[in-house]
Amino acid sequence: MTDVKIIPKQKSRAFGKDVYLLGIRDKRFLWLESPSWDCDWYWGFGYIECYTYNRKPHLSKDIHLHTHYDSLLWNHKDYAPILQEVNGITACTLNMEEQWELSDLMKSFYTLKSYAELCHTGNSNYTHNIQVNLKDPEYENVINEKLIPLVTGRIIEMLSPEEAA
């Protein structure tokens with residue numbers, strides 16, 4: 001288990017979106033974009049960015065790196081269950097217990113997103129010649145309107161800096 005420094009939580013904006021600091025990898029700040037409702041039918045979330053102005057995304061002119069939470073942590077080559085076990089991570093805004101909760105919530109998000117997509121399309125789109133239709137707008141709405149906002153809301157709460165009293 002790698003020892004990492006715990007650093008203060010930060011919230012910023014970049015290219016019109018709120019971003020939350022996850023940690024530092026190879027001297028670059030890793031920022032998680034806030035969730036977005038895209039194309040009127042699915043959630044965009046889990047996008048991790050490094051910006052050209054490393055410490056101040058709101059001043060950046062471009063994105064240096066774009067990846068996804070599941071790609072960064074759970075790829076088959078360099079699997080890491082939590083942030084601090086990702087190669088190159090030297091600092092994180094969450095302690096180990098919070099990192100485990102974040103990974104659990106992110107896995108739940110990806111599972112719910114996939115199921116909502118199945119409920120939207122009715123199948124997995126490998127072929128058009130399928131005899132089973134799994135389209136279910138009711139389940140799709142419950143997932144997209146209640147369950148995913150519950151999960152992403154908790155993630156944003158965990159990553160948000162404490163408000164000054």
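Our subject in this report is the structure included herewith. From a predicted model like this one, the values you see are computed outputs, not experimental measurements. (Residues numbered from 1 in each chain as written. Predicted model: local features only at pLDDT ≥ 70, side-chain atom pairs only at ≥ 80, totals over all residues. Heavy atoms only, no water.)

1. A word on the side chain of Thr93
- Structurally, Thr93 can be placed in the loop between strand 9 (89-92) and helix 2 (96-121).
- Since its relative accessible area comes to 4%, Thr93 is described here as buried.
- Here Leu21 takes part through its backbone oxygen, which lies 3.1 Å from a polar atom of the side chain of Thr93.
- Dropping the residues within four chain positions of it, Thr93 is found in contact with Ile6, Ile7, Pro8, Lys9, Leu21, Leu22, Glu98 and Leu159. (Helix = DSSP H or I, 4+ residues; strand = E, 2+ residues; numbered from the N terminus. Buried < 20%, exposed > 50% of the residue type's maximum accessible area, 1.4 Å probe, protein only. Polar contact = N/O pair within 3.5 Å; in protein donor to acceptor, adjacent residues only side chain to side chain. Contact = heavy atoms within 4.5 Å.)

2. Brief notes about unusual backbone geometry
- One non-glycine residue, Phe15, adopts positive backbone phi at about 55 degrees.
- Position of Phe15 relative to the elements: it lies in the loop between strand 2 (11-14) and strand 3 (17-25).

3. Regarding the nonpolar core
- Counting 33 residues, the largest nonpolar core has Leu22, Tyr69, Leu102, Met106 and Ile155 as the members making the most contacts within it.
- Counting residues per element, the ones that place at least two in this core are strand 3, strand 4 (28-33), strand 7 (47-51), helix 1 (69-74), strand 9, helix 2 and helix 3 (137-159).
- In contact with Leu22, not counting residues within four places along its chain, are Leu30, Leu32, Ile48, Leu83, Ala91, Cys92, Thr93, Leu102 and Leu159.
- If you look at the next biggest cluster of nonpolar residues, it comprises nine residues, including Ile7, Phe29, Tyr51 and Ala91. (Core = buried A, V, L, I, M, F, W, Y, C linked by side-chain atoms within 4.5 Å.)

4. Looking at the side chain of Glu140
- Here Glu140 lies in helix 3.
- No salt bridge is formed by the buried Glu140. Its closest oppositely charged neighbour is Lys135, at 7.6 Å.
- Leave out the neighbours within four places in its chain, and Glu140 touches Trp41, Ala116, Cys119 and His120. (Lys, Arg positive; Asp, Glu negative; His and termini not counted. Salt bridge = Lys/Arg side-chain N within 4 Å of Asp/Glu carboxyl O.)

5. Looking at helix 3
- If you check helix 3, its first and last C-alpha atoms are 32 Å apart, about what 23 residues at 1.5 Å a residue would give, namely 33 Å.
- At Ile143, helix 3 is bent by approximately 35 degrees, the largest bend along its length.
- The secondary structure elements touched by the buried residues of helix 3 are strand 3, strand 4, strand 5 (36-38), strand 6 (42-44) and helix 2.
- Sitting at the head of helix 3, Asp136 places a side-chain oxygen 3.2 Å from the backbone nitrogen of Glu138. (Expected span 1.5 Å × (residues − 1). Bend = angle between axes of the 7 residues up to and from the residue.)

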